[in-house]
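Fold and geometry: a report
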Amino acid sequence: MASVRKKEIRAALEKAGMMKMDDNILSKCIALATSTSLSPDQMGLFWESFSLNRNLSHLDDHCFESFRTALIKYADERSNTTPDSTITSRPTKRSTPPPSVTPPAKRKTTLSGEDGVPTANDEGRRRVSLSPDVPVNKGSGSTALYDDRKGAGKVMETWNPNNLPDAGTEQRSNKPRCTVSRGDFSTNTTHRYRYMNTTVEEVAEMLNERLVQLGQMMKERYALGEDSAIEGEGSTDSIAALEAVGVSRQEPICCIGRICNEAHEGRLNATSILLEGCRGESGGTRVKLDMSHLKANKTPFLLFPGQIVAVEGLNPSGRTMVAHRICDGTPPFPVQTTADELLKFHHGDNYQGGSPLNIMAVSGPFATSSGLNYQPLWDFVNKVQSSKPDVVVMTGPFVDMRQEAMKSGQTIVQNDDGSETLLPLETFFAEQISAVLQEFFSGDEVGTQFVLVPSLHDATAEWVFPQPPFADAKRNPSNDLSRIPGAENLVTVGTLDLDTVNVGRKRVHYMSNPCTFKINELVVSVTSTDIFLHMGISETNANLPPGSRLEYLAKHLLLQHSFYPLFPPIQGTNLDMKKLDQIAIPCQPDILITPSKLNPFARTALENTLVVNPGFLTKSYTGGTFATIQVHPIKRETLEEFLNSGVELPNAVASRSKVDIIRI
C-alpha cells in the first residue's frame, strides 16, 4: 500500500512539472501528504502553483521548509473552507437583503414585441428594483464562507511607476466618454464556424506556414541571410550566416526553427530541447539544442514548445547544435495616433475632458464553488456602480461548467414564492448575467460600457479556441409562445437575452476570445485562456533576473505575435489549427489583459505594452480579485505642438497608467 502511494505521489508531482526528486524528498512529501490528508492530485496542484510563483523546477533540502510551511497553511485553509452541505444541495432563501443593486425574481419573458423581439413596455419583462429592502434571489448555494472573507476592498498590489495621482470618483461623468469599437482588426472571430474537422496533414501545413511566416519576419527585421556574417564582420553584433536546420558546419551558423520537446509530453527541460526546421529548406529536420554554453555564460533564456526562434551556434555533427545566442522573435509594431485625434479623445468635451480614462477588468468564475450563488458578481456590480468606470472588461467563465452543480445539471433558481425552477443553461445565463446588466442600466443614466469575452469553460459558449462571441438564438415570430393561451409566463428557451441589454444604444459589446478592440485611441487585447499558466508549466528557463519570469512570459506573447504560441496545446484548450490567423496579435497593444491562475500582477512588456492579470473574482469558496486601470491623458500643450501636422505620436500608455489589484 505504501509503495502504491509512493508511486502515485511521485507521478502527480512529476506531472505537475517537478524535474527531479530524490528518495529523501519524496519520503518527506509522502509524510506531508499523510499528515495533511491531501491526495496525490492535490499535492501536484499545490506544487504546480508553488513552483510557478517561485520559479522552481525541483524540490531540494534548501527550499523544502518553505514548501512544507506553505503546504500546511494551504491544507489548514482547505479544511477550514470545506462546506457543511453538498454543493448540489437545494438552495435556500436569502434571509438578508443585498447591499445595493438587487437582482429581480425569476425571469418571465414573453415575445410580444414586433417580429418576436421583446419591447421595453412588455409586461413580462424584468422590473427594476434598486431598493436594498427587496429580498431577492441571486442563485442557489451557500455563501457563508464568502461572506466571512477578510480584506474585502483591500488594494493587494499597485503598479504606478510614475507616481500618478488617483483620479477619484467624485467628478466622473454619467455620460459615455469613450467609444468602444472592433477597429480594423481582421483577427477577431466574428461568428460561429465548424470545427473538429482538421486532419493531421492540415495541422502540419499550418505549423509549417507559421514557421515560415515568423521566420521571414526575423530575416527582414534582423537582416538574416547569406551575407550577414560578412556585413557584420568585426562587430560584436555580427550575425552568422543563415543555414538550414541539420546542416553541419565547423563555423558558427544561424538557424530558424520551432522549439519541440523530445519527450512529446510533460515539461520541457534543458536536455529535451529540439529545434525543428521548416519543410522547404530543412525538410522538417530536427536537431538537439545544447544550452550548456548559454548557462555557463549566465545568458538568460526562456523556451517553450511551439516557440519560433533563430539560434546562432555550432553544429559540427549535424545532429546537435550548441546554442550561443537565441533570438526570441520580432516585436510587433507599436500603435501610434495623430495629435489631432489624441487631443479630441483626451481633452474634448464629448470625451475625457482632460481627466483619466477608467477601466475595470474582472474575470470569472463569478460564483463560488459552494454552489451557483452569484453574490460575488453582484458585489462587483455595486463596486462598478459606485466607481463609474468608462469601460468594464469582463471575461468568462460566466456559467462555469466546472461547477459541480453544473456538472450534475442542477441549474436551479428559486422563485419569490419559494418554489424552485430547473432552467436550461441559456436561460440560466439570462437569469444570472443578462439580468445583472439589465438591472445596472435600468436606473439613472450610466456612462459605463461593458465588454464581454467568453471562456472555454463557459457552458453557453462554443468550446473551441479561437472562440466566437456570445450570440443570441435566432427568434422565429411563428414560435411566439405568448400567442398560446396560458403560456404568457413561460421562459423563452434557447436565448441568452442579450438583446434586452442594448436597448436604445450600444452599451454591452460582445467580443471573441481572443480579441483586439479599441477604446478611443487605446488598443486593448484580451484573452480569457490562461496562457501564462499553460506556458509556465511547459517552459524551461535559466539565468532569469529575480522576479522577471512573468515579464518574460508576457514578452513572448508579443514576440511570437500570438495569443497562444504554445504547441502542442495544453489538454482541454481545443485549439483549431485552421484558425491560427485569428489567434494572432495584430499589433503591439497598449493594454493586454490576460486573467491567470498565477498571482495577479501588472507589468510592462516591450516598453510600450501594459500587461494586466486581474486574477479571478472567486477562488474556490471565497473571494478573489479584480483590477482597475487609470490611463491619464497626454498634456494639452504637448499635443497642440503637433496639431494639423499629420505627425503620429506613440500612445505610450504604460508610462501614463496606474493599476490597482483589489480584493472583492
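This report concerns the structure included in the present document. The structure presented is a predicted model; accordingly, all values stated were derived computationally and were not measured.

Calculation criteria
Residues numbered from 1 in each chain as written. Predicted model: local features only at pLDDT ≥ 70, side-chain atom pairs only at ≥ 80, totals over all residues. Heavy atoms only, no water. Helix = DSSP H or I, 4+ residues; strand = E, 2+ residues; numbered from the N terminus. Buried < 20%, exposed > 50% of the residue type's maximum accessible area, 1.4 Å probe, protein only. Contact = heavy atoms within 4.5 Å. Areas by Shrake-Rupley, 256 points an atom, 1.4 Å probe, with all protein chains shown as cover. Phe/Tyr/Trp six-rings, centres within 6.5 Å; stacked < 30°, edge-to-face > 60°. Lys NZ or Arg CZ within 6 Å of the ring centre and 35° of its normal. Salt bridge = Lys/Arg side-chain N within 4 Å of Asp/Glu carboxyl O.

Quick notes on the overall build of the protein chain
Scanning the protein chain from terminus to terminus reveals 16 helices and 29 strands. Here the protein chain, with 664 residues, has 54% of them falling under the buried criterion. Across the protein chain, every contact between residues at least 6 apart in sequence was considered, and the portion connecting residues at least 24 apart equals 75%. Summed over all atoms, the accessible surface of the protein chain reaches about 29,300 Å², with 50% contributed by carbon and sulfur.

Looking at the packing of aromatic side chains
For the structure shown, the criterion picks out 20 aromatic pairs. Taken together, a centroid distance of 5.7 Å and an interplanar angle of 35° make the contact between F532 and F601 tilted. Remark: F601 occurs in strand 23 (residues 601-605) and F532 occurs in helix 14 (residues 531-536); sequence separation between them is 69 residues. Its relative accessible area of 1% is what places F532 among the buried residues. Among the residues examined, F601 registers a relative accessible area of 1% and is labelled buried. What links up through ring pairs into an aromatic cluster is the set F46, W47, F50, F64, F67 and Y74. The side chain of R149 reaches across the aromatic face of Y146, ending 3.9 Å from its centre.

Section: the pattern of salt bridges
Evaluation of the coordinates by the stated rule reveals 23 salt bridges. Note that E276 is salt-bridged to R286, the shortest N-O span being 3.0 Å. With E276 in strand 6 (residues 273-276) and R286 in strand 7 (residues 286-290), this residue pair connects regions lying ten residues apart in the sequence. For E276, a relative accessible area of 17% gives the class buried. E312 is the salt-bridge partner of R325, the closest N and O atoms lying 2.8 Å from each other. Of this pair, R325 sits in strand 10 (residues 320-327) while E312 sits in strand 9 (residues 308-315); the two residues are 13 residues apart in sequence, bridging distant segments of the chain. For R325, a relative accessible area of 35% puts it in the partly exposed group. Within this structure, E157, E551 and R603 form a network of salt bridges that share partners.

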